[in-house]
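Each chain is listed here by its residues.
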Amino acid sequence: QILQPAATAAESDLVTALLERTAQNRVANEAAVRRQTERNAFSAYSGEPNAMRQVLSTDGAWLYLTQREVAQMTRRGEL
């Protein structure tokens, strides 16, 4: 005699809810990985002339600017 699990509506709702959360987490995790990868991809070396720096803009986007551009945009209140 083989035992079969009882299928109920509650289990089906739980599985559906878990699958939805998994999909939502996947999007959030991919975004977090992308942000960290971008942070790690570029690093600022202040000793190098015209070295590109990674800067977070006011709208949340990452920009790659020279130190001069960072200083100018900061003075204008754009960063």
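So, here is what we can say about the structure in this document. Note that the coordinates shown come from a computational prediction; the quantities given were computed from them, not determined experimentally.

Below, the discussion takes up the side chain of Gln54. Among the structural elements, Gln54 can be located in strand S1 (residues 53-56). Given a relative accessible area of 17%, Gln54 falls into the buried group. Engagement of the side chain of Gln54 in a polar contact is seen with the side chain of Tyr64, the distance being 3.3 Å.

Bridge count for S1 against strand S2 (residues 62-65) is four bridges, and the pairing is antiparallel. Counted as the bridge partner of Gln54 is Tyr64 from S2. From the end of S1 to the start of S2, which pair antiparallel, there are five residues, and Gly60 there has a positive phi angle of about 90°.

Attention shifts here to the pattern of salt bridges. Applying the stated criterion to the full structure yields one salt bridge. Salt-bridge contacts for Arg76 lead to Glu78; the nearest nitrogen and oxygen are separated by 3.1 Å. Owing to a relative accessible area of 52%, Arg76 belongs among the exposed residues under this scheme. Taking relative accessible area as the criterion, Glu78 reaches 36% and is therefore assigned partly exposed.

About the cut-offs
Residues numbered from 1 in each chain as written. Predicted model: local features only at pLDDT ≥ 70, side-chain atom pairs only at ≥ 80, totals over all residues. Heavy atoms only, no water. Helix = DSSP H or I, 4+ residues; strand = E, 2+ residues; numbered from the N terminus. Buried < 20%, exposed > 50% of the residue type's maximum accessible area, 1.4 Å probe, protein only. Polar contact = N/O pair within 3.5 Å; in protein donor to acceptor, adjacent residues only side chain to side chain. Pairing = 2+ DSSP bridges. Salt bridge = Lys/Arg side-chain N within 4 Å of Asp/Glu carboxyl O.

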